[in-house]
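The lines below spell out each chain.
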Amino acid sequence: MAIISTSAVVLKAYDLRETSKIAVFFTKDHGKVSGVLKGIRSNSRKFGSSLERFSVNDIVYYQYRNSELHLVSQCDMRSFFYPIRQDLKKSMAAVYALELVSLMMPVEMPNPQMYSLMISFLEDLQDADDIDRLIRFFQIKVLLFSGFRPHLDVCVHCKKKVVGKAFFSMKEGGLICAGCQRGDRTLHSISPGTVSTILHVEKIPWDACRKIRLVQTTRDELKYILNNFLVFHLGRKVKSAKYM
């Protein structure tokens, strides 16, 4: 049994019997981790946190080797993101981000890039005036850091660089050039500007994404392609996506 100390974002929490709770965290050092906090509901002073969703906490837990449920002995609030909680749309954006990461990431697989992305997203969401744009960039980065980025460098069929008119295949997970399209009605047209935007966001740091402005056609294409590609990959809808 190892004793682990790390920072973590609360993905979700639910009651366990009369006095305890189970929480699912995304930790800085160990990825997605589940733990039980014994007595947190009966003694509010036992922990320095109420396990609010998308709060950031410093936690200490006993890591059991033969179980995915560990014992959390310490949980102290670090960041609460109060401005997000005061705005319904921002709150739903935060919930969507948590749900997406929870669905995309396997249990206990360290991914510090994903953790850093979540923190940056929540910090920027507090005073964001363009929430939809922030969500699209977050989706692109999540696909990149989880290893499921769409193939946009060349046509997935002929492996040639796509110039001009192109299509996106949810099934193939990437671009199809006009020559390989062959009348496939399941493909969705995608403009060079949208392709360039995704590739650019993948390459630059999160902070630099703030400078990117999106025209309406690119916004519409990004929303359709990213949302549907995630649904196809996950095999299910992200529940909170309907509120976005």
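Residues numbered from 1 in each chain as written. Predicted model: local features only at pLDDT ≥ 70, side-chain atom pairs only at ≥ 80, totals over all residues. Heavy atoms only, no water.

Another point: unusual backbone geometry. Phi at F54 takes a positive value of approximately 60°, unusual for a residue other than glycine. Looking at where F54 falls in the secondary structure, it is placed in the loop between β3 (31-37) and β4 (56-63). Backbone geometry places K159, a non-glycine residue, at a positive phi of 65°. A residue is classified by how much of its surface remains accessible, and K159, at 57% relative accessible area, is exposed. (Helix = DSSP H or I, 4+ residues; strand = E, 2+ residues; numbered from the N terminus. Buried < 20%, exposed > 50% of the residue type's maximum accessible area, 1.4 Å probe, protein only.)

Let us look at the confidence of the model for the protein. Across the protein, the average pLDDT comes to 94, with 99% of residues at 70 or higher. When mean pLDDT is compared element by element in the protein, helix α3 (residues 112-125) scores highest at 98, while strand β8 (residues 188-190) scores lowest at 94. (pLDDT = per-residue confidence, 0-100.)

Let's shift gears to the sheet that holds β8. If you trace the three strands from one edge of the open sheet to the other, you get β7-β6-β8, paired in antiparallel fashion. Every other strand in the sheet has two partners, leaving β7 (174-177) and β8 as the edge strands with one partner each. When strand polarity is set aside, the average angle formed by the axes of neighbouring strands in this sheet is 45°. Summarising the sheet, strand β6 (residues 166-169) and β7 pair through four bridges and their orientation is antiparallel. Each bridged residue has a counterpart across the sheet, and for F167 the counterpart in β7 is I176. Together, β6 and β8 form the strand contacts of helix α7 (residues 216-234), whose direction differs from that of β8 by roughly 130°. (Pairing = 2+ DSSP bridges. Axes fitted to C-alpha atoms, helices over the stretch in contact; angles between N-to-C directions. Contact = heavy atoms within 4.5 Å.)

Below, the discussion takes up helix α5 (residues 192-203). With 12 residues, α5 extends 17 Å between its outermost C-alpha atoms, agreeing within 8% with the 16 Å of an ideal straight helix rising 1.5 Å per residue. Of the residues making up α5, those classed as buried are T194, V195, T197, I198, L199, V201 and E202. Buried positions along α5 lie against α4 (131-146), β7, β8, α6 (206-209) and α7. (Expected span 1.5 Å × (residues − 1).)

Moving on: the side chain of T27. Here T27 lies in strand β2 (residues 20-27). Engagement of the side chain of T27 in a polar contact is seen with the backbone nitrogen of H30, the distance being 2.8 Å. Residue contacts for T27: discarding those within four places in its chain leaves T6, S7, A8, V33, I59 and Y115. (Polar contact = N/O pair within 3.5 Å; in protein donor to acceptor, adjacent residues only side chain to side chain.)

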